[in-house]
Amino acid sequence: MAWYAAVMLLTARQLRVRAGERVLLDGVDLTLGAEECAVVVGRNGAGKTTLLRALLGLVPAEGEVALGSIPRGSLGPRERAAAVGWLPQSLNLAEPVRAVELVAAGRFRFGEGRRARHEAAVRSMAEVGVEGFAERLVHTLSGGERQRVALSALVAQEAGLWLLDEPASHLDPGVQERVYRFLVDQWRGGRGLLLVTHDPDLMLRVVSREEAAKVRVLGLSEGRLALEARLSDEDLPEKLGELLDVRMCWAELGERRALAVLGAR
Amino acid sequence: MRLAIVLVTVALVLGAPLIGPSMPSGAEAFIFWQLRVPRVLVAAAAGAVLSVIGAAFQALFENPLATPSTTGTTAGAALGALIAILFLPGQAAVMIGAFVGALLVSLPVAAWAARAEARVQDVLLGGVALTLAAGAISSGLQMTADAEEALRAVRWSLGSVGQVGYAGAAVLGPIAVAVIAVVLAHSRGLQALVAGEARAASQGVDVAALRAQVLVAGSLGVGAVVAWCGPIAFVGLAVPHLVRKLVGPGREDLFWLSAVAGAGFLVGADVVARVLISGRELPVGVVTSAIGAPLLVGLVLRPRR
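Residues numbered from 1 in each chain as written. Chains lettered and ligands numbered in written order. Predicted model: local features only at pLDDT ≥ 70, side-chain atom pairs only at ≥ 80, totals over all residues. Heavy atoms only, no water.

Caption draft 1: Up close: the overall build of chain A. Within chain A, the secondary structure is distributed over nine helices and twelve strands. Scaling as 2.2 N^0.38, a compact globule of 265 residues should have a C-alpha radius of gyration of about 18 Å, and chain A matches this with 19 Å. Based on the C-alpha atoms only, the size of chain A along its principal axes is roughly 55 × 45 × 35 Å. For chain A, the residues scored as buried account for 54% of the 265 residues in total. Of the contacts made within chain A by residues no fewer than 6 positions apart, 62% connect residues no fewer than 24 positions apart. By element, 47% of the accessible surface of chain A is carried by carbon and sulfur atoms, the whole surface being about 11,600 Å². Seen as two clouds, the 35 positive and the 36 negative side-chain charges of chain A have centres 4 Å apart. (Helix = DSSP H or I, 4+ residues; strand = E, 2+ residues; numbered from the N terminus. Rg over C-alpha atoms; globule rule 2.2 N^0.38 Å. Buried < 20%, exposed > 50% of the residue type's maximum accessible area, 1.4 Å probe, protein only. Contact = heavy atoms within 4.5 Å. Areas by Shrake-Rupley, 256 points an atom, 1.4 Å probe, with all protein chains shown as cover. Lys, Arg positive; Asp, Glu negative; His and termini not counted. Charge placed at Lys NZ, Arg CZ, Asp CG, Glu CD.)

See below:
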């Protein structure tokens, strides 16, 4: 294993983010063990995206973030990129670019020549199943193809822990499931996941019962951690429903049970 | 196509000293070695610097219209030079004035941009505001100057690579090499910026250091070029876009190719400026604007694919 295996544990203490008068994140304590998988849920504006950005140091935040036992701030940018990778909600490109070049940018932290970088980029694309788009311009791809190209850049970065911000929103149901299956395979392979989603049932669809008992559910409400549960908890629908302000229940769907939304409260 | 750009530039640089009005006998060696060769060297260095900085600034500001002209650098240099022309004696004072003016405007912008919480739009907006302010002051100064001084200022503001000579080449050359080296050293970081600063930062790019170093190098380079040659318009904007048109989208080869193509572009424009009207010389800034302005309009009006 690479050196970052030792620092994959992510801890945040009293993480607080302000935007003028508003408090976006209000003292969040969070520990994510190595090789853990956690989904972050909450209503719009609850602070999910801000939490990821604060953990990455992309917004000014009070409190401490540590990777392993090392404070985030005392690691260099490349070391941080070795420990934690990020998939933002959307991909905004400043200008047209070929998919392989975008994926190769994920290799920034490695000191390697262009040929090696491109080969690694194409390998990463093959892992996600999009190597056929290597020479295509990213903005000409469909939403699902584009998201999987963005995911390839994350693969290319080879970070120990992935922070993913709604990785499957705006995608059709089949692609959503493919993306989640890929992510869970990565988790099974030893990668840590912290995944923001509005649809925890998607995760339930692609994991076994035993795995569901390991998946943590973290609920954010008004910038605070308001729920800590497991994806297999019997009372998860009630708790989640309270957090999201909807009525929820377990629904038996043949071979599996699903988290179902009955309607607004 | 990459090779073609290199070859055309080499041909232009080697061929340019041979082109021009027929030389009076006895003066050939002097005109060739003392006037044309240094002039071509200066044009090549200035064109390379302006183009590579244009490409870098466009990447840095995530904006296809960003150039040293939109970040206040050129306007600061022009104001400094104007003050020198109006109030100080001698050509050296003009160069020093332009250089100091460029740095006085650029370094605060660069210092602000290097702060982690600075947003790229704010930096660009600040540069535009400084450009307008410097332009207003320049206009005011020109209005109060006497006719001869004002004419000198206008001549200078059109840009020329002719009066610099080996002394200028000896200063511009090393600055050009240093500036190009800084930009090329950051080439991979500038490539990563294509998907935004936040993502680049998460991939390991030290965005604040990248911004500060490229901006300081850009200010130095543009300050030097403006000081010695005047504000040569449109090269930094036009050449990177021309390179994209020729080799296709992407940034992997953009920066070094912009430097090469920029050298060829300005050497070529200077040849046109020398021979277009026989017996008279056009300011090279007029030629680059005549090519650059329609190109810019074409880019803006280009239908979106």
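And the narrative resumes.
Caption draft 2: Spotlight on the overall build of chain B. Regarding its fold elements, chain B presents 13 helices and zero strands. Counting helices and strands in the order they occur from the N terminus, chain B gives α-α-α-α-α-α-α-α-α-α-α-α-α. The C-alpha radius of gyration computed for chain B amounts to 19 Å, which stays within 12% of the reference 19 Å derived for 305 residues, consistent with globular compactness. Along the longest, intermediate and shortest principal axes, the C-alpha atoms of chain B span 65 × 50 × 35 Å. Within the span of chain B, comprising 305 residues, buried residues form 52% of the whole. At a minimum sequence separation of 6, the contacts of chain B that also span at least 24 residues come to 78%. Accessible surface for chain B amounts to roughly 13,000 Å². Of this, 72% is attributable to carbon and sulfur atoms. When the 18 basic and 13 acidic side-chain charges of chain B are each reduced to a single mean position, those positions are 9 Å apart.

Caption draft 3: Broad picture of the sheet that holds strand β10 (residues 224–230) of chain A. All names here are of chain A. Read across the open sheet, the six strands follow the order β6-β7-β8-β3-β9-β10; overall the sheet is mixed. Two strands in the sheet have a free side with no partner beyond their single neighbour: β6 (84–87) and β10. Pairwise comparison of adjacent strand axes, ignoring direction, gives a mean angle of 20 degrees for this sheet. As paired strands, strand β3 (residues 37–42) and strand β9 (residues 216–221) are joined by five bridges and run parallel to one another. If you follow V41 over to β9, its bridge partner there is G219. Across the face of the sheet, helix α9 (residues 236–244) comes into contact with β3, β9 and β10 while running at roughly 160 degrees to β10. (Pairing = 2+ DSSP bridges. Axes fitted to C-alpha atoms, helices over the stretch in contact; angles between N-to-C directions.)

Caption draft 4: Structural context of the packing of helix α2 (residues 28–60) of chain B against helix α12 (residues 254–275) of chain B. All names here are of chain B. Running from N to C, α2 and α12 point in directions that differ by 135 degrees, and their axes come no closer than 6 Å. Looking at the two axes, α2 sits oblique to α12. The handedness of the crossing between α2 and α12 comes out as right-handed. Across the contact of α2 with α12, the residue classes tally to 15 nonpolar, four polar and four charged. (Parallel < 35°, antiparallel > 145°, perpendicular 65-115°, else oblique. Left-handed = near helix turned anticlockwise from the far one by under 90°. Nonpolar A, V, L, I, M, F, W, Y, C, P; charged D, E, K, R; others polar.)

Caption draft 5: Summary view of empty space enclosed by the protein. Scanning the entire structure with this criterion turns up two cavities of 30 Å³ or more. Put simply, the largest cavity is a space of about 60 Å³. E101, A104, A105, F108 and R117 of chain A together with R188, Q191 and A192 of chain B are the residues that line the largest cavity. Mapped onto the lining of the largest cavity, the elements with two or more residues apiece are α3 (99–104) of chain A together with α8 (187–192) of chain B. (1 Å grid on protein atoms, 1.4 Å probe; cavity = no way out; pocket = protein on both sides within 12 Å on 5 of 7 lines; lining within 4 Å. Points joined across faces, edges and corners; volume = space filled by probe spheres on them.)

Caption draft 6: Focus on the pattern of salt bridges. Residue and element names in this part refer to chain A. Counted according to the given criterion, the structure contains 26 salt bridges over all chains. The salt bridge involving R16 is made with D26; its shortest N-O contact spans 3.3 Å. With R16 in strand β1 (residues 10–19) and D26 in strand β2 (residues 22–32), this pair connects stretches of sequence that are ten residues apart. (Salt bridge = Lys/Arg side-chain N within 4 Å of Asp/Glu carboxyl O.)

Caption draft 7: Molecular detail of the pairing of β9 of chain A. Residues and elements named next belong to chain A. Burial of β9 is extensive: five of the six residues sit out of reach of the surface. With six bridges joining them, β9 and β10 adopt antiparallel strand pairing. Looking at β10, one finds that S221 is bridged to R224. In this antiparallel pair of consecutive strands, β9 and β10, the connection spans two residues, and E222 shows a positive phi of 50 degrees.

Caption draft 8: How the structure looks around the sheet that holds β2 of chain A. All names here are of chain A. Read from one edge of the open sheet, four strands run β2-β1-β4-β5, paired in antiparallel fashion. With partners counted over all chains shown, the strands left at the sheet margins are β2 and β5 (70–71), one partner each. As paired elements, β1 and β2 share eight bridges and run antiparallel to each other. What sits directly across from T11, in β2, is T31. Running over the sheet, helix α1 (residues 48–56) touches β1, β2 and β4 (62–67) and is turned about 115 degrees from β1.

Caption draft 9: Broad picture of the side chain of R251 of chain B. Looking at the element boundaries, R251 of chain B is found in the loop between α11 (235–247) and α12. For R251 of chain B, a relative accessible area of 1% translates into the label buried. Here E95 of chain A takes part through its side chain, which lies 3.1 Å from a polar atom of the side chain of R251 of chain B. (Polar contact = N/O pair within 3.5 Å; in protein donor to acceptor, adjacent residues only side chain to side chain.)

Caption draft 10: Examining a nonpolar patch on the surface more closely. A cluster of nonpolar side chains, L18, I19 and V275 of chain B, forms an exposed patch at the surface whose accessible area comes to about 270 Å². Mapping V275 of chain B onto the fold places it in helix α12. (Patch = residues over 30% accessible without salt bridge, like charges linked within 9 Å, V, L, I, M, F, W, Y side chains within 5 Å.)

Caption draft 11: Focus on the environment of P64 of chain B. Within the secondary structure, P64 of chain B sits in the loop between α2 and α3 (73–87). According to the relative accessible area criterion, P64 of chain B is partly exposed, its value standing at 45%.

Caption draft 12: Representation of helix α7 (residues 165–185) of chain B within the structure. All names here are of chain B. Here α7 spans 30 Å end to end across 21 residues, near enough to the 30 Å set by a 1.5 Å rise per residue. Residues of α7 that are buried include every one of G168, A169, L172, A176, V179, I180 and V183, and no others. Buried residues along α7 sit against α2, α8, α10 (207–229) and α12. (Expected span 1.5 Å × (residues − 1).)

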